[in-house]
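Structure at a glance
Read off the chains here:
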Amino acid sequence: MEKIPDQIGYLVLTEDGAVLESGGELENDERVATIITDLITLSNKVDPLAFGPNEQFKKISITYDDHWFAICLSNKKIYVVKRSINPHLAEGNTVNV
Amino acid sequence: MEKELDKVVEEIMSTPNVSGCLVADHQGLCLAAKGTAHVDSAGIIVAISEQACKIQPNLKPPTVCLETEKKQCLIQRHGTITGAIYKDKA
């Protein structure tokens, strides 16, 4: 997990939200762990019409101005990575309103 | 009264790859829903955006993106209003 580019923190959780591994800014951050497990539980209930019953979400991202959280589920574990957004790379994609 | 909102929703729906659009207030009540977005999911969408705001409450509300193999659901909160856009992946 430490090798992920632009990573500033990470968490590996069990399905019920217990912290297995953590590091960086998210080290032992049980508050964020609980929020994220609740968020996953909520996301399972989104629109069965637009997203079929067999269409499970494979990735959730939460984007702030200068960093974002990537959340993925694999092997019954929840992987959370906090990554910084490089302003030079993001410039081409930003929409100014 | 909701003419302005309808106009915005129409505009979003005319964007390529957008399959649905939903706007809800802070109580989870649906203000507008078009396309694949169902009125009933307004509550859940507001709950998701509120949950995401809790991670860093001192920062401005983040954009939440839920992804499946083929589709995407983008949720953004602005003041008391929460908007969701359902997109098909190109």
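Rules of the game
Residues numbered from 1 in each chain as written. Chains lettered and ligands numbered in written order. Predicted model: local features only at pLDDT ≥ 70, side-chain atom pairs only at ≥ 80, totals over all residues. Heavy atoms only, no water. Contact = heavy atoms within 4.5 Å. Buried area = accessible area lost by both parts, 1.4 Å probe. Salt bridge = Lys/Arg side-chain N within 4 Å of Asp/Glu carboxyl O. Polar contact = N/O pair within 3.5 Å; in protein donor to acceptor, adjacent residues only side chain to side chain. Helix = DSSP H or I, 4+ residues; strand = E, 2+ residues; numbered from the N terminus. Pairing = 2+ DSSP bridges. Axes fitted to C-alpha atoms, helices over the stretch in contact; angles between N-to-C directions. pLDDT = per-residue confidence, 0-100. Buried < 20%, exposed > 50% of the residue type's maximum accessible area, 1.4 Å probe, protein only. 1 Å grid on protein atoms, 1.4 Å probe; cavity = no way out; pocket = protein on both sides within 12 Å on 5 of 7 lines; lining within 4 Å. Points joined across faces, edges and corners; volume = space filled by probe spheres on them. Nonpolar A, V, L, I, M, F, W, Y, C, P; charged D, E, K, R; others polar. Parallel < 35°, antiparallel > 145°, perpendicular 65-115°, else oblique. Left-handed = near helix turned anticlockwise from the far one by under 90°.

Bringing the interface of chain A and chain B into the picture now. On the side of chain B, 28 residues touch chain A, which itself brings 28 residues to the contact. Across the chain A/chain B interface, buried area totals approximately 2500 Å², and carbon plus sulfur atoms make up 64% of it. At the junction of chain A with chain B, the criterion picks out two salt bridges. Residue D65 of chain A pairs with K60 of chain B through a salt bridge whose shortest N-O separation is 3.6 Å. Counting across the chain A and chain B interface gives ten residue pairs in polar contact (both at pLDDT 80 or more). Counting residues per element, the ones that place at least two in the side of chain A that touches chain B are α1 (30-43), β3 (59-63) and β4 (67-74) of chain A. Looking at the side of chain A that touches chain B element by element, the count peaks at eight residues for α1 of chain A.

This part takes up the pattern of salt bridges. What the rule picks out here adds up to six salt bridges over all chains. A salt bridge links E25 of chain A to K82 of chain A, with the shortest nitrogen-to-oxygen separation between them at 2.6 Å. Of this pair, E25 of chain A sits in the loop between β2 (19-24) and α1 while K82 of chain A sits in strand β5 (residues 77-84), and the two are 57 residues apart along the sequence. Salt-bridge contacts for E10 of chain B lead to K34 of chain B; the nearest nitrogen and oxygen are separated by 2.4 Å.

What the ten strands build is an open sheet, ordered β2(A)-β1(A)-β5(A)-β4(A)-β3(A)-β3(B)-β4(B)-β5(B)-β1(B)-β2(B); its pairing is antiparallel. At either end of the open sheet lies a strand with only one pairing partner, and these are β2 of chain A together with β2 (30-35) of chain B. The sheet shows a mean angle of 10° between the axes of neighbouring strands, taken without regard to direction. Sheet analysis places strand β3 (residues 63-67) of chain B next to strand β4 (residues 71-78) of chain B, joined by five bridges and oriented antiparallel.

Quick look at the confidence of the model for chain B now. Model confidence for chain B is summarised by a mean pLDDT of 93, while 100% of its residues fall at 70 or above. No element of chain B has a lower mean pLDDT than helix α1 (residues 3-13) of chain B, which averages 93, and none a higher one than strand β1 (residues 18-24) of chain B, which averages 95.

Further remarks concern unusual backbone geometry. Among all residues save glycine, negative phi is the norm, and among peptide bonds the norm is trans. Residues and elements named next belong to chain A. For D6, which is not glycine, the phi torsion reads 65° and is therefore positive. Note on placement: D6 falls in the segment before β1 (7-14). The partly exposed category is assigned to D6, whose relative accessible area is 40%. One non-glycine residue, N75, lies in positive phi territory at about 50°. Relative to the assigned elements, N75 resides in the loop between β4 and β5. Exposure remark for N75: the relative accessible area of 64% places this residue in the exposed category.

Time to look at the layout of surface pockets. Residues and elements named next belong to chain A. Its boundaries defined by the atoms lining it, the second largest pocket holds a volume of some 180 Å³. Those elements that place two or more of their residues in the lining of the second largest pocket are α1, β3 and β4. A class-by-class count of the residues in the lining of the second largest pocket yields seven nonpolar, five polar and three charged.

As a packed pair, α1 of chain A and helix α2 (residues 42-55) of chain B sit with axes 9 Å apart at the nearest point and diverge in direction by 165°. The orientation of α1 of chain A with respect to α2 of chain B, classified from their angle, is roughly antiparallel. Read as a crossing pair, α1 of chain A and α2 of chain B show a hand that is left-handed. Facing α1 of chain A, whose interface residues are R31, V32, I35, I36, D38, L39, L42 and S43 of chain A, α2 of chain B presents I44, A47, I48, Q51, A52, K54 and I55 of chain B. Looking at the contact of α1 of chain A with α2 of chain B, its residues break down into ten nonpolar, two polar and three charged.

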